[in-house]
Amino acid sequence: MQAIQPTATPLRPVKTPPRVASRRSSRRQRSYPHQTLAAETGVKLAVNMVLSVCATSAVIQLWPHYQAVQEKLQEIKAEVNLTQERVDKSRSDFNRYFDPSLAKTVMQEQSNRVDPQQRPVILQEPPAPEAEESTPQP
């Protein structure tokens, strides 16, 4: 592809006459070099303190919102667990109802019909012993 190429202009160094440092500025820098460093450090410290106060204030204001969100999250997790249990139960029932090997068993459970080849079992309680008359035996 042919894109438009930027034109390159040769850069020429700009010649400036060397500056002559005055005696007053060189004396001031030589005699008090620590003052500028101290002022810069003081400004940095003040800015960092202001930022720290702002950050702490923001965290304190957001803390109740964070706790409320955590409580909602716990409630949602509990609901998800309950729903997951219901889904698992429904899945197992679905698999059971549509399993061809269990079709007869499920049909018998759902209706009152009994397989003709199945024999009914009737459970009876044993007869209660009758109260014997107390007769003296010789």
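Predicted model only: the values in this text are computed from it and were never measured. (Residues numbered from 1 in each chain as written. Predicted model: local features only at pLDDT ≥ 70, side-chain atom pairs only at ≥ 80, totals over all residues. Heavy atoms only, no water.)

## A short note on the overall build of the chain
Logical step 1: A count of helices and strands for the chain gives three helices and zero strands.
Logical step 2: When the elements of the chain are put in sequence order from the N terminus, they spell out α-α-α. (Helix = DSSP H or I, 4+ residues; strand = E, 2+ residues; numbered from the N terminus.)

## Observations regarding the confidence of the model for the chain
Logical step 1: Residue-level pLDDT values for the chain average 82, and 73% of them are 70 or greater.
Logical step 2: The weakest mean pLDDT in the chain belongs to helix α1 (residues 23-31) at 55; the strongest belongs to helix α2 (residues 33-97) at 95. (pLDDT = per-residue confidence, 0-100.)

## Remarks on the pattern of salt bridges
Logical step 1: Overall, the coordinates contain three salt bridges when judged by the stated rule.
Logical step 2: D93 is the salt-bridge partner of K89, the closest N and O atoms lying 3.3 Å from each other. Pair noted here: K89 and D93 are both in helix α2, with a separation of four residues, about one helical turn.
Logical step 3: D93 gets classed as partly exposed once you look at its relative accessible area, which sits at 26%.
Logical step 4: Between R96 and E109 there is a salt bridge, with its nearest N and O atoms 2.6 Å apart. Residue R96 is located in helix α2, and its partner E109 is located in helix α3 (residues 103-110); the two are separated by 13 residues in the primary sequence. (Salt bridge = Lys/Arg side-chain N within 4 Å of Asp/Glu carboxyl O. Buried < 20%, exposed > 50% of the residue type's maximum accessible area, 1.4 Å probe, protein only.)

## Quick look at a nonpolar patch on the surface
Logical step 1: Together, V43, V47 and L51 make up an exposed nonpolar region whose accessible area comes to about 270 Å².
Logical step 2: Here V43 lies in helix α2. (Patch = residues over 30% accessible without salt bridge, like charges linked within 9 Å, V, L, I, M, F, W, Y side chains within 5 Å. Areas by Shrake-Rupley, 256 points an atom, 1.4 Å probe, with all protein chains shown as cover.)

## Overview of the packing of aromatic side chains
Logical step 1: Counted by the stated rule, this structure contains two aromatic pairs.
Logical step 2: Taken together, a centroid distance of 5.3 Å and an interplanar angle of 35° make the contact between W63 and Y66 tilted. Linking W63 with Y66, this pair stays in helix α2, spanning three residues, or about one helical turn.
Logical step 3: When its relative accessible area of 47% is taken as the criterion, W63 is described as partly exposed.
Logical step 4: Under the relative-accessibility criterion, Y66 is labelled partly exposed at 44%.
Logical step 5: When the centroid spacing of 4.7 Å and the interplanar angle of 45° are considered together, the rings of F94 and F98 count as tilted. (Phe/Tyr/Trp six-rings, centres within 6.5 Å; stacked < 30°, edge-to-face > 60°.)

## Regarding α2
Logical step 1: If you check α2, its first and last C-alpha atoms are 90 Å apart, about what 65 residues at 1.5 Å a residue would give, namely 96 Å.
Logical step 2: Bending of α2 peaks at approximately 35° at the position of L62, with proline P64 no more than four residues after it. (Expected span 1.5 Å × (residues − 1). Bend = angle between axes of the 7 residues up to and from the residue.)

## What to know about the environment of K104
Logical step 1: Take K104: it is sitting in helix α3.
Logical step 2: K104 sits in the exposed class, given a relative accessible area of 54%.
Logical step 3: Expressed as a C-alpha distance, the spacing of K104 and V114, which sit 10 residues apart in the sequence, is 9.6 Å.

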